[in-house]
Each structure stands twice: as structure tokens, then as C-alpha cells.
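Survey of secondary and tertiary structure
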Amino acid sequence: MDCRVVVEAAVPVFDVETADEAIRIAISKTGEMLNPDLNYVEINMGERTSPSGEELPPAFIAADEALVALELEMTVFNVEREEHASRIARKEIGQLLENIPLEVLHIEVLEDDGDGDEPADEESTASADESTATDSAGDTDEDDTTKDDADDEILPEFEDLVE
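Let us look at the structure shown here. Keep in mind that this is a model prediction, so the values were computed, not measured.

Cut-off values and rules
- Residues numbered from 1 in each chain as written.
- Predicted model: local features only at pLDDT ≥ 70, side-chain atom pairs only at ≥ 80, totals over all residues.
- Heavy atoms only, no water.
- Helix = DSSP H or I, 4+ residues; strand = E, 2+ residues; numbered from the N terminus.
- Buried < 20%, exposed > 50% of the residue type's maximum accessible area, 1.4 Å probe, protein only.
- Contact = heavy atoms within 4.5 Å.
- Areas by Shrake-Rupley, 256 points an atom, 1.4 Å probe, with all protein chains shown as cover.
- Polar contact = N/O pair within 3.5 Å; in protein donor to acceptor, adjacent residues only side chain to side chain.
- Pairing = 2+ DSSP bridges.
- Patch = residues over 30% accessible without salt bridge, like charges linked within 9 Å, V, L, I, M, F, W, Y side chains within 5 Å.
- Salt bridge = Lys/Arg side-chain N within 4 Å of Asp/Glu carboxyl O.
- Lys, Arg positive; Asp, Glu negative; His and termini not counted.
- Charge placed at Lys NZ, Arg CZ, Asp CG, Glu CD.

**A short note on the overall build of the protein**
Counting its regular elements, the protein contains four helices and seven strands. When the helices and strands of the protein are listed from N to C terminus, the series reads β-α-β-β-β-β-β-α-β-α-α. Looking at the protein residue by residue over its 163 residues, the buried ones come to 28%. Considering only contacts within the protein whose residues lie at least 6 apart along the sequence, 73% involve residues at least 24 apart. When the accessible area of the protein is evaluated, it comes to approximately 10600 Å², of which 47% is carbon and sulfur surface.

**Some points on unusual backbone geometry**
Note the cis peptide between asparagine 35 and proline 36, where omega equals 0°. Here proline 36 is to be found in the loop between α1 (19-34) and β2 (42-45). Of note, the phi angle at asparagine 78 is positive, near 50°, even though the residue is not glycine. By secondary structure assignment, the location of asparagine 78 is in the loop between β6 (65-76) and α2 (82-96).

**Brief notes about the side chain of arginine 4**
When you line up the elements, arginine 4 lands in strand β1 (residues 2-14). Using a relative accessible area of 15% as the deciding quantity, one classes arginine 4 as buried. Separated by 2.6 Å, the side chains of arginine 4 and glutamate 42 make a polar contact. In contact with arginine 4, other than residues within four places in its own chain, are Glu42, Glu73, Met74, Thr75, His106, Ile107, Glu108 and Leu110.

**Some words on the pairing of β1**
Across eight bridges, the pairing between β1 and strand β7 (residues 102-110) is antiparallel. Considered in β7, the bridge of valine 7 is made with valine 104.

**Digging into a negative patch on the surface**
On the surface, a cluster of negative charge is made up of Asp15, Glu17, Asp64 and Glu65. Looking at aspartate 15, the relative accessible area reads 65%, which means it is exposed.

**Here we look at the pattern of salt bridges**
Across all of its chains, the model carries four salt bridges by this definition. The residue arginine 81 makes a salt bridge to glutamate 83 at a minimum N-O spacing of 3.9 Å. Judged by its relative accessible area of 46%, arginine 81 falls in the partly exposed class. The closest approach of N and O atoms between arginine 87 and glutamate 83, which form a salt bridge, is 2.5 Å. Of the two residues, arginine 87 and glutamate 83 are both situated in helix α2; the distance of four residues between them amounts to about one turn of the helix. Overall, glutamate 83 belongs to the partly exposed group, its relative accessible area being 38%. Via salt bridges that share partners, Arg4, Glu42 and Glu73 belong to a single interconnected network.

Dropping the structure here:
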């Protein structure tokens with residue numbers, strides 16, 4: 001099953017005077033942190049309400065600093081449960097948005113269309129990590145030049161994954 005997950009982020013912004021300015025800067029700042037790795041995540045203004053139900057702007061400003069509520073949406077493919085989708089979304093987004101609190105707002109189950117693009121990437125990543133672990137664990141003195149050639153082929157992929 002595929003799920004659309006909406007995560008709320010509280011993004012701090014400094015040296016701002018208006019709520020509109022804080023929102024623009026927060027969206028830009030979040031986009032810079034997510035791109036190019038997660039360019040498929042949609043960034044929207046969050047919705048805030050007071051305890052009485054009154055609608056509030058997404059930015060709270062005090063002493064030229066703001067805390068902006070943003071909603072980040074992403075689609076997670078081939079998950080077993082909604083909880084699994086929320087964990088994947090929080091992990092993917094949270095890795096790039098360091099020191100920014102995240103909370104899952106809601107999860108929408110999408111109809112399966114048979115695509116499997118993202119899980120294939122995750123599986124290839126897992127298999128690349130396993131092959132790296134196998135090569136380093138299986139090092140012996142026999143045929144070191146062949147293993148060095150294999151390491152040259154594996155290391156660029158591994159570096160791409162780390163970056």
C-alpha cells in the first residue's frame with residue numbers, strides 16, 4: 001500500500017520583522033535543507049489555531065525571532081501499515097532537518113497503481129550495504145588485487161549514499 005504522509009515541522013527563523021517574511025524564509029530554508037535529496041517533499045504553510053478555535057498565522061514572532069509551522073508532505077510506497085509509513089517519512093525528513101521538531105499530522109492511504117520506484121531504491125541501497133559488508137568481512141590474503149578492484153567499484157556507490 002502507498003501512503004501520503006503529512007508531517008508538521010517547527011522551523012526557527014532569526015532576524016525577521018513580519019510573519020510573511022518569516023514564512024518565506026522558513027520555506028526557503030527548509031527547501032535548501034531538503035534539496036536535492038528529498039526534492040519530492042512538498043512544503044506548505046502550517047495551520048495553527050488558538051485554544052478557542054481562532055485561526056492564527058503559521059508564524060509566531062518574538063524579539064525578531066520566529067517559529068514557523070510548516071507542513072511537509074511526501075508519498076511513501078509499498079508499506080505494510082500506516083505506522084510504517086509515518087516512521088519512514090519522519091526518518092527521511094528528520095535526517096536532513098536536524099534540530100527541527102517533527103510531528104506526523106495525518107496519513108492518507110493511496111490506491112496502489114503498481115509502481116515500485118522507491119522500494120527498489122531502498123532494496124538496492126540495502127543490497128549495496130550488504131555487499132560492502134560481505135566484501136570487508138570476507139577479506140583474506142588471496143587475490144587482493146581483485147578485491148581492490150571490487151572495492152573501487154563499491155566505494156563510489158557507498159560515497160554517493162553517504163552524501
